There are 2 protein chains.
Amino acid sequence: MATNHDASTQNCLDMTNARNKTSINVLSVKQFIYNGQEELQRKDKLIDIISKDPVFDKSKREWMTRTEKYTRGLRMINRIHELEHSLGWSKEGTAVATSLLDDPLPISLHMTAFEPVFLLQASQELLDKYAGLIATRGILGCYMQTELAHGSNVAALETTATYILETKEFEIHSPTLTSSKWWIGALGKTATHGVVQAKLILPGGRDMGPHLFFVQLRSLETHKLLPGITAGDIGPKSFNGFAATDNGFARFDHVRIPKDQMLSKFSQVTDDGKYVHPPHAKISYGGMLCIRSGMVTTAGWVTAKAAVISIRYATVRRQGSIDTDGLEKQVISYPSLHTRLIPILGRAYVFISLGRALSQSFQIMAQRLSGGDTSLLTELHATTSGLKVLCTTTSVQDIENARRSIGGHGYSAFSGVGRFYADMIPSVTYEGENFVLDQQVVRAALKAFHNLFGLERKTRPLTSTIQNLTPSSYYLRLLSSPENEPPILEDSDGLNSSWNNSETLILLLEWRAALVVHEMAQTTQDPDTTIYQRVSKSITEAFVGQRVGEMIGGLRTNSGLKENDVAVLSQLYLLYLQTTVEGALVDFLSFGILRISNPSRVGASRDPTRGLRMAIARNCLSLVPEVIGLTDALGFSDWELDSALGVYDGNVYQALWDKVQTEPLNDIEVPDAYKESIKPILSRGRRIADMRSGTKL
Amino acid sequence: MATNHDASTQNCLDMTNARNKTSINVLSVKQFIYNGQEELQRKDKLIDIISKDPVFDKSKREWMTRTEKYTRGLRMINRIHELEHSLGWSKEGTAVATSLLDDPLPISLHMTAFEPVFLLQASQELLDKYAGLIATRGILGCYMQTELAHGSNVAALETTATYILETKEFEIHSPTLTSSKWWIGALGKTATHGVVQAKLILPGGRDMGPHLFFVQLRSLETHKLLPGITAGDIGPKSFNGFAATDNGFARFDHVRIPKDQMLSKFSQVTDDGKYVHPPHAKISYGGMLCIRSGMVTTAGWVTAKAAVISIRYATVRRQGSIDTDGLEKQVISYPSLHTRLIPILGRAYVFISLGRALSQSFQIMAQRLSGGDTSLLTELHATTSGLKVLCTTTSVQDIENARRSIGGHGYSAFSGVGRFYADMIPSVTYEGENFVLDQQVVRAALKAFHNLFGLERKTRPLTSTIQNLTPSSYYLRLLSSPENEPPILEDSDGLNSSWNNSETLILLLEWRAALVVHEMAQTTQDPDTTIYQRVSKSITEAFVGQRVGEMIGGLRTNSGLKENDVAVLSQLYLLYLQTTVEGALVDFLSFGILRISNPSRVGASRDPTRGLRMAIARNCLSLVPEVIGLTDALGFSDWELDSALGVYDGNVYQALWDKVQTEPLNDIEVPDAYKESIKPILSRGRRIADMRSGTKL
C-alpha cells in the first residue's frame with residue numbers, strides 16, 4: 001500500500017483527472033445555469049473586484065465577536081456603495097454584489113423588505129419625498145412586523161396607530177412588553193427609518209386591523225433614537241448565524257407621525273377619520289411574494305455551494321478499500337457517498353432554474369398588480385407558499401447532509417458548510433413558518449377541490465372547469481373520471497423502464513397529489529395530524545415535477561446546448577424526479593399508486609420499491625464522471641466558497657493545514673490558561689498522587 | 001380580544017395551571033428516571049453548589065471569543081478539581097459534576113477516552129507508574145487516533161512506531177502531512193501526555209498494524225512541547241460548537257519513547273523484537289464500546305433538555321385562534337405542535353433508560369473482559385454500533401425539530417436549543433461515522449442470518465440454534481418457519497386496537513427487521529444503496545422495541561410507581577413504539593406487514609396508515625395534560641437549561657427581554673460603526689439623491 005505518496009500532488013492529480021473525465025462543455029452549461037453570457041460575465045467581473053478588496057477579506061471572520069462582525073458588515077456595505085458610485089453599477093449590479101458577500105447584512109432588509117413595501121404601498125406624495133433617498137440609501141430602512149409575542153398571526157399584533165383627529169396625526173404605541181417589535185433586521189443599530197405594522201384605530205376606538213406606517217427612528221444628525229422610541233439589538237442567534245445583522249427590538253411610547261406617513265396607496269384614512277377600503281384585500285401581499293420567490297433562488301444557490309464543496313472533497317478524499325491504482329478508493333466512488341451527494345446537486349440545479357422562473361412570474365404579476373389587476377395574485381400566492389416550504393426545508397436538509405457526508409472534517413468551520421446552514425436555517429421559520437404555510441396550501445387545495453367536485457360546481461360543466469385549472473391544481477384533472485387510473489409501470493433496468501421515464505414519474509407525482517388531496521377532503525372532519533404536510537408536499541412536488549418536465553423539454557428545444565450536455569442535464573433532472581418519488585414512497589404505497597406490471601423480478605426480492613432504488617443507484621453511477629464538470633459549471637470562485645475542503649485545485653489537506661495555522665490559540669505556544677488553570681490542576685494532581693502513594697514522576 | 005393582558009402574569013398563570021393539571025406524582029417519576037433517590041439527591045446537591053459559583057456563570061459565554069471560551073473552560077475544570085478536593089467528591093461525583101457543566105471540555109477526553117484506554121491496556125508496570133497521576137490529573141491526557149486523512153479506516157493510519165533494537169525504544173514518526181494526528185480533544189493546548197495509535201514496525205520493516213503507545217507531549221515544568229513534536233489547535237468548529245475544547249493536531253519527528261511505554265497488556269514486543277499476539281483480536285474494542293454506550297445516555301439527556309424547553313414554551317405561548325378564555329390558544333393545544341413535541345419527550349425517556357441499561361451491560365462485559373472472557377464482546381459490539389447510530393441521528397434530529405417548533409425565537413441563541421445541536425452534532429460522525437457503522441451492523445446481521453439459514457448451519461438442528469439467538473438477532477426466529485406470518489391487525493379507536501398494543505407493535509418491528517434482513521440476504525450480489533441503512537435501522541429499532549417492552553413490564557412489576565404514574569409512562573413508551581412504526585411505514589407497506597383486518601373503516605378514507613396516525617394523534621392528545629409534569633420530572637434547573645424560553649416559572653418574554661439587555665451591542669446607543677460606516681453611507685446617499693432630484697429632507 002502506497003501510504004507515503006505526497007497527498008498534495010495526489011489530491012491535485014485526482015481533481016485534474018476528474019476534470020478531464022467530464023464529458024460536458026463546462027462553459028456552455030455554466031452560461032445555461034447563469035441564464036446567458038451577460039449575467040455570468042457581470043458576476044465574474046464583480047467577484048474579481050470584490051475578492052481582491054481587503055474590506056471583503058474573510059480570513060478573520062471566524063474569530064470575530066458579534067460586535068466586530070457587525071462593524072465589519074457595515075464597513076462592507078459602505079464599501080459596496082462606494083464602488084457602486086465610483087464604478088457606476090446599476091441597482092441590480094449592486095444587489096448582485098451584495099448577495100455575493102456571503103454574509104447576511106442589514107442592508108438586505110432595506111433592499112428586499114423595506115424598499116419594495118414602501119414603493120408598492122406609499123402614496124405618490126410620500127414616494128416623491130423619500131423614494132430617491134431610499135434608492136440611494138440617504139436613509140436606511142427596516143420593516144417592522146413581528147412582535148415579541150406575535151409572529152404568524154398578523155391579525156393579533158398589538159402595536160397601535162391611533163388617528164388623532166385634532167392634529168391629523170397617527171400615534172404609534174406599544175401598549176405591552178409583548179407588543180415590542182422583535183427580530184426586525186437592521187432595527188437594532190442601523191436603520192434610520194422603518195415601516196411599522198400597527199393596528200389602525202379610528203376615532204371612537206374602531207380597530208381596522210394591521211396597516212403600514214412610515215416612521216423615522218433615529219436622528220439623521222446624531223443617529224440617536226428619537227424621543228419615545230426604545231430600540232436595540234436582540235442578541236446572538238443560534239449556530240452563530242446572521243451575526244452581522246442587527247435584528248432588533250423597538251417599543252413606541254405614544255410616538256406621533258403626520259397622517260401622510262400612513263402607506264396609503266391601497267387603503268387610507270380621510271382627514272375626518274373615515275376609512276377608505278383597499279381595492280383587493282390581499283393587495284399588500286405583493287412584497288411578501290417577492291421575498292418568498294427570492295428564497296427559492298437563494299435556496300438553490302446555497303445548496304449548490306454545499307454540493308460543490310462536498311463533491312470536490314469526496315473526489316480527492318481516499319478512504320477504505322484499495323483501488324486498482326494501489327491507493328485507497330476515492331470516496332465519491334462509493335455508492336453510499338455518491339447516491340447521497342448527486343441528488344443534492346440535482347436539487348440545486350432544479351431550484352436555481354425554478355427560482356428564476358418564479359421571479360419572472362412575480363415581475364409579471366407585480367406589473368399587473370400596479371395597474372390594479374389582481375388576477376394572478378391568488379395563483380402565485382398558492383404556488384410561492386408551497387415552494388417556500390419545500391425549497392427551504394429541502395435546502396437546509398441537503399446542506400446539512402452534504403456537511404455530514406464530509407465526515408469528521410465537515411464539523412470544522414473551515415469546511416465552510418456549517419456557515420451555510422447557520423445562515424439559511426431561519427428561512428424555515430421566517431417569512432411564514434413552514435408548518436403554518438402548509439395549512440395555507442391545504443386551504444387553497446381544498447378550495448380548488450371543492451370548486452371542481454363540490455356543490456359549488458354544479459352549475460358549470462366539469463370539462464370546462466378542468467380546462468381552466470391553474471398550474472398549481474392541474475393534478476386535479478386526474479380525479480375527473482372514476483375510470484382514470486395510475487399508469488401501469490414497467491420495472492426493468494433498460495431505458496424503457498418506467499423509473500427512467502420522466503413523464504411517467506411526473507404523472508405519478510400528480511396522482512399522488514390528487515389522491516392525497518382526495519383523502520384530505522374525505523377526512524376533513526377528523527384529519528390525522530400529518531395530512532397537512534403530506535398534502536402541501538404532494539401538491540408542491542407535483543407542481544415542481546411539471547416544471548422539471550418543462551425544463552427537460554426546454555433543454556432540447558431552446559437551451560442552445562449541444563446534445564451531450566442536454567443528455568447529462570436531462571439525467572440530472574431525471575434524478576430529481578426519481579428521488580422525489582422515492583421520498584414519497586409511503587404515499588405511493590398507501591394509495592396503491594405503484595402498479596408494477598412485473599413485480600419481484602429481481603431474484604428473490606420481495607421489495608416493490610427496489611426497482612426505483614436501483615434506477616436511482618444506476619443513474620447516480622452514470623453521473624459520477626460528470627459531477628466535477630457539473631459543479632465547476634456552477635461557477636463559484638474559491639473566494640465565494642471560502643472552504644478549505646472545496647478548493648478548486650483539490651489541494652484540500654494543505655489548505656486545511658494552512659487555515660489551522662491562523663487559529664489565534666496557536667499564536668503562542670503556552671496558552672494564558674496554563675498559568676491560571678492548567679498548572680494548578682497538574683500541581684494539585686501531583687500533590688494528591690504523591691500523598692496517596694508516594695509515587696513520584 | 002383581550003390583548004392588553006399582562007403577558008408575564010398570564011405566562012406564569014398558564015404554567016401554574018398546566019402544573020396543576022398534571023396527574024402524575026412528579027417526584028416519584030423523577031426518582032424513577034434518576035434511578036432512585038440517591039442519584040437524584042447527589043445531582044441536586046451538585047447543581048446547588050455549581051450554579052452558585054461564579055466560575056460557572058454562563059451569562060457571558062455567548063459573546064466570548066474562542067480563546068476566551070477555552071480559558072473559561074480550563075478555569076471551570078480547575079474549579080471542579082478544587083471542589084472535588086475540598087468537598088471530598090468521589091470520582092463518579094466529579095464525573096457527574098463535569099457533565100453538568102453543559103460545555104464540552106478538554107477534561108472529558110481525559111476521563112472518557114485517555115484514562116479508560118490506558119487502564120484497560122497498559123502493562124502493570126505502566127499502571128503502577130501513571131494510574132495514580134492520571135486519576136488525580138497530575139498529568140492530563142488525550143487519545144490520538146484520527147489523522148488528517150484517516151478516520152474510519154484505522155488500518156490505513158500512517159503514523160509509525162518503529163522498534164529500535166539497539167536502544168529498546170520505539171520511534172514515533174509522522175511520515176507525511178496527512179499522517180498528522182487531527183481532531184484530538186485536549187491535544188491542542190492542554191494535554192501533557194497522550195496515547196498514540198501508530199503502526200508498529202518491527203526490525204526488518206514488518207508492519208504489525210495499529211498499536212497504542214503512551215507518549216509525553218509537553219514539559220511538566222514549562223508546558224512547552226517536547227523536542228520533535230509539533231502540535232496546536234485545529235481551529236473553530238461549525239455552529240460555534242465545542243468551542244472550549246482544544247481539538248488539536250500533532251506531528252512527530254522521530255520521537256523516541258522507552259519500550260515499556262507501549263500499551264502492552266494484550267500484545268507486546270519482546271526485547272529482541274519479536275511480536276507476542278493478543279488473546280483476542282478485538283480485545284481493544286472495550287474502550288470504544290464504553291464511549292458508545294455513554295453516547296446513548298448523553299443523547300437521551302440532551303434530547304430531554306430540548307424537549308423541556310420547547311414544551312414549556314409551547315405551554316405559555318399563545319397564538320392563532322381564540323380560546324374559551326378569550327385569549328389566543330396555547331400552542332401546545334394544536335395537534336401540529338403537540339404531535340411533534342411529545343414523541344420527542346418519549347424518545348428522551350426511552351434513551352435515558354436504554355443508556356442506563358447499556359452502561360450496566362458494559363460494566364458486566366468489561367469485568368469479564370478483564371478476566372480474558374470475550375464472550376459478551378461480539379454481542380455488545382453489534383448492539384452498541386446500531387444504538388450509537390440510531391440514538392445520535394435521532395437525537396440531533398429531535399433537538400433541531402424541537403428548536404424549530406419554537407418558531408422564530410428558536411433561532412435566538414437565548415432559546416438555548418441551538419447550542420445543544422451545535423455540541424451534539426459531531427456525534428453522528430465521531431466514534432464511528434454513522435454510515436460506516438451501519439455497514440458493521442449489516443455484516444453482523446448477515447452473519448447471524450447465514451448462521452441460522454445458510455449452509456453453515458446444516459450440522460445443527462434449527463430449533464437449538466434459534467434458542468441460542470442473542471437479543472440483537474432475536475427477530476430472526478420469525479423466519480424459522482414459512483408458516484409464520486405477521487399478525488392480523490385490528491384497526492379501531494378502542495384500547496383493543498392493535499395500534500395501542502405494545503406487544504403487537506414490537507412484533508411488527510421484529511417482522512420488519514426479519515424481512516428487511518431477508519431482502520438484504522437475497523440481494524447481496526446487487527444491493528440497492530439504501531438497504532444498509534434500512535437493515536441497520538430495522539434491527540436496532542426491533543432491539544429497542546424489545547427493550548421498551550421490558551421497560552413497560554418493569555413499570556408494573558418493579559418501578560415502585562403508583563398505578564397512575566405507571567399508566568402515564570406506559571402511554572409515553574407506547575407512543576415511542578407507535579411513532580417508530582410510523583417512521584418505518586415504507587418498509588411495512590413494501591413487505592406487506594400491515595395486514596389490517598378491517599381496512600378503510602373511516603368514512604371514505606383509502607389510507608391504510610390512517611389508523612396508526614390517528615392512534616398517535618389520540619395518544620398525544622391524552623398526554624397533553626401530563627407533559628409539564630413529565631418535563632418537570634426530568635429535574636432540570638433553570639441554570640442547567642440556560643434558556644430564556646424554558647424557564648421553570650413560564651415567564652418567558654420577561655426572561656427574553658432581560659437577556660437581550662445584556663447584548664454588548666446595546667451597551668452604547670450609537671455604535672462605533674456609525675461614524676466609520678453608517679454616516680458615510682447616509683451622507684453619500686443624501687448627496688446623490690440631492691444631485692439627482694434636488695429633493696431635500
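Residues numbered from 1 in each chain as written. Chains lettered and ligands numbered in written order. Predicted model: local features only at pLDDT ≥ 70, side-chain atom pairs only at ≥ 80, totals over all residues. Heavy atoms only, no water.

A. Geometry of the interface of chain A and chain B. In this complex, chain A contributes 157 residues to the contact, which on the side of chain B involves 158 residues. Across the contact surface, chain A and chain B share eleven salt bridges. In this structure, the salt-bridge partner of Arg618 of chain B is Asp526 of chain A, at a minimum N-O distance of 2.7 Å. Ranked by the residues each element gives to the side of chain A that touches chain B, the list is headed by helix H22 (residues 672–693) of chain A, at 14 residues. (Contact = heavy atoms within 4.5 Å. Salt bridge = Lys/Arg side-chain N within 4 Å of Asp/Glu carboxyl O. Helix = DSSP H or I, 4+ residues; strand = E, 2+ residues; numbered from the N terminus.)

B. Here's a closer look at the side chain of Gln546 of chain A. Topologically, Gln546 of chain A is positioned in helix H15 (residues 531–558). Those residues within four positions of Gln546 of chain A in sequence are excluded, and the remaining contacts are Pro471, Tyr474, Tyr475, Ile506 and Glu510 of chain A.

C. Broad picture of the domain arrangement of chain A. Residues and elements named next belong to chain A. Each domain of chain A was delimited in the assignment, giving domain 1 (141–278), domain 2 (287–632) and domain 3 (667–697). Each of domain 1 and domain 2 has a C-alpha centre, and these two points are 39 Å apart. Roughly 490 Å² is buried in total at the junction of domain 1 and domain 2, and carbon and sulfur atoms are behind 70% of that figure. Broken down residue by residue, the surface that domain 1 buries against domain 2 is led by Ser152, Phe239 and Phe242, which jointly contribute 77%. There are one residue pair in polar contact (both at pLDDT 80 or more) connecting domain 1 and domain 2. (Domains from an automatic or database assignment. Buried area = accessible area lost by both parts, 1.4 Å probe. Polar contact = N/O pair within 3.5 Å; in protein donor to acceptor, adjacent residues only side chain to side chain.)

D. The UniProt feature "domain: Acyl-coenzyme A oxidase N-terminal" (unreviewed entry) in chain A, seen in detail. Mapped onto this numbering, the UniProt entry annotates "domain: Acyl-coenzyme A oxidase N-terminal" (unreviewed entry) at residues 29–134 of chain A. Note that residues 29–134 of chain A is 75% helix and 0% strand, and that its end C-alpha atoms are spaced 37 Å apart. (UniProt positions renumbered as here; feature names shortened; annotations may be inferred.)

E. Inspection of the environment of Val331 of chain B at higher detail. All names here are of chain B. In this fold, Val331 is placed in the loop between strand S13 (328–330) and helix H9 (335–370). Its relative accessible area of 6% is what places Val331 among the buried residues. Taking the C-alpha atoms as reference points, Val331 and Ile352, separated by 21 residues in sequence, lie 27 Å from one another. (Buried < 20%, exposed > 50% of the residue type's maximum accessible area, 1.4 Å probe, protein only.)

F. A look at empty space enclosed by the protein. This structure, assessed with the given rule, holds eleven cavities of 30 Å³ or more. Counted as a void, the second largest cavity has a volume near 500 Å³. Arg61, Glu62, Lys69, Asn240 and Ala243 of chain A are, among the 35 residues lining the second largest cavity, the residues nearest its centre. Contributing elements (two or more residues each) for the lining of the second largest cavity: helix H4 (66–87) and helix H11 (417–424) of chain A together with helix H4 (66–87) of chain B. Top contributing element to the lining of the second largest cavity by residue count: H11 of chain A, with five residues. By residue class, the composition of the lining of the second largest cavity is 15 nonpolar, eight polar and twelve charged. (1 Å grid on protein atoms, 1.4 Å probe; cavity = no way out; pocket = protein on both sides within 12 Å on 5 of 7 lines; lining within 4 Å. Points joined across faces, edges and corners; volume = space filled by probe spheres on them. Nonpolar A, V, L, I, M, F, W, Y, C, P; charged D, E, K, R; others polar.)

G. Quick peek at the relation of the copies chain A and chain B. Each copy superposes on the other: chain A lies on chain B with an RMSD of 0.0 Å after a rotation of 180 degrees and an axial shift of 0.0 Å. Expressed as an axis order, the relation between the two copies is that of a two-fold axis. Relative to the rotation axis, the C-alpha of Phe239 of chain A is the closest in chain A, positioned 2.0 Å from it. Of the interface residues in chain A, 100% have counterparts in chain B that sit at the interface too, so the contact is made through matching surfaces. (Least-squares fit on C-alpha atoms with pLDDT ≥ 70 in both.)

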